[in-house]
Amino acid sequence: MANGQWYPPEWPDRIRALSSGELTPATPRRAATVMLLRDSVAGPAVHMLRRRASMAFAGGAYAYPGGGVDPRDDDHLVRWAGPSLATWAARLGVDEPGAQAIVCAAVRETFEEAGVLLAGPTPSSVVGDTTGDDWEADREALVARAFSFAEFLDRRGLVLRSDLLAAWARWITPEFEPKRYDTFFFVAALPEGQRTRNASTEADRTVWIAPGEATAGYDKGDLLMMPPTIATLRQLSPYGSAADALADAPERDLTPVLAQARFEGDELVLTWPGHEEFTKHIPTRDSA
């Protein structure tokens, strides 16, 4: 393959079914993912995980920690530091409960999948090492949905540090996919004293990698990625530090990116508006 773009072979049939009215698009579920950054002498690196090859969706692809919103992520107001819910709602283009749910999902999923927690005992502090047995028990309970993230914060007496996150991009799974997500991408710097680990049952490997190195691996076909992942990596590549990326994030456009598909003769044409590099012309013949 020319690059590492993930492309499911069943897409043409699903797109044909969608265009004929035989397929009804699934409603996207809100989700959040976090590009966790740390600085080095060579510049910032981003934490990535490789999805297990056995996964039905994007098996073997590199991605960031993240996942769907838990319905309980907005069940009651959490202790909150940073921009107000009204400010977050305006930035994300959702209502205030939706903003809390999305930000909570970003922080919760980062803890569940990377062991990193963007929260602290006060509005100006962050917890230190989270690798102890008691932290692991709570992390596993969150993964099992034994209690909500809000309950976890309350039990621990922690404040969610929304000021440590910055919204970066928004991508929606194409209408022809059976499982769809409306995913908000965030950037955050690794808190001092914390370290990442592979805590996800869906990943077989985690790496800290420079965005430029990751994009080069994709371009050579060595690293498999979905369009949102490689697009955000290319956007991160020019920055000299995590702080620089976080400082620029408020100016980034959060208009959702949604793939479009059309048939032109015997070709299927896939496009992602604003991201021409992902345009694909796929030879196909109508089975009819």
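The sections below set out a description of the structure shown in this document. Here the structure is a predicted model, which means the values were calculated and not measured.

What counts, and at which threshold
Residues numbered from 1 in each chain as written. Predicted model: local features only at pLDDT ≥ 70, side-chain atom pairs only at ≥ 80, totals over all residues. Heavy atoms only, no water. Helix = DSSP H or I, 4+ residues; strand = E, 2+ residues; numbered from the N terminus. Rg over C-alpha atoms; globule rule 2.2 N^0.38 Å. Buried < 20%, exposed > 50% of the residue type's maximum accessible area, 1.4 Å probe, protein only. Contact = heavy atoms within 4.5 Å. Areas by Shrake-Rupley, 256 points an atom, 1.4 Å probe, with all protein chains shown as cover. Lys, Arg positive; Asp, Glu negative; His and termini not counted. Charge placed at Lys NZ, Arg CZ, Asp CG, Glu CD. Salt bridge = Lys/Arg side-chain N within 4 Å of Asp/Glu carboxyl O. Arc of directions from axis to C-beta.

A word on the overall build of the protein. Broken down by element type, the protein carries eight helices and 14 strands. At 19 Å, the protein has a C-alpha radius of gyration in line with the 19 Å of a compact globule built from 288 residues. With the C-alpha coordinates aligned to their principal axes, the bounding extent of the protein is approximately 65 × 40 × 35 Å. By the burial criterion, 52% of the 288 residues in the protein qualify as buried. Long-range contacts, defined as pairs at least 24 residues apart, comprise 69% of the intrachain contacts of the protein with a sequence gap of at least 6. Just so you have it, the protein exposes about 12800 Å², and 50% of that area is on carbon and sulfur atoms. Computed over 29 positive and 41 negative side-chain charges, the separation of the two mean positions in the protein equals 3 Å.

In total, this model carries 20 salt bridges according to the counting rule given. Ionic pairing is found between Arg195 and Asp129, a salt bridge with its closest N-O pair at 3.7 Å. Of this pair, Arg195 sits in the loop between strand 9 (181-189) and strand 10 (203-209) while Asp129 is found in the loop between strand 6 (119-120) and helix 4 (133-143), placing the two residues 66 residues apart along the sequence. Overall, the relative accessible area of 48% leaves Arg195 in the partly exposed class. Assessed through its relative accessible area of 40%, Asp129 is described here as partly exposed.

All right, on to helix 5 (residues 149-156) then. Note: α-helices contain 3.6 residues per turn, so residues at a spacing of three or four share the same orientation. Within helix 5 the residues assigned to the buried category are Phe149, Ala150, Phe152 and Leu153. For helix 5, the angular spread of buried residues about the axis comes to 160 degrees, placing them on one side. Summarising the contacts, the buried residues of helix 5 are in contact with helix 3 (96-114), strand 6, helix 4 and strand 7 (159-161). Residue Gly157 follows helix 5 closely and has a positive phi angle near 65 degrees.

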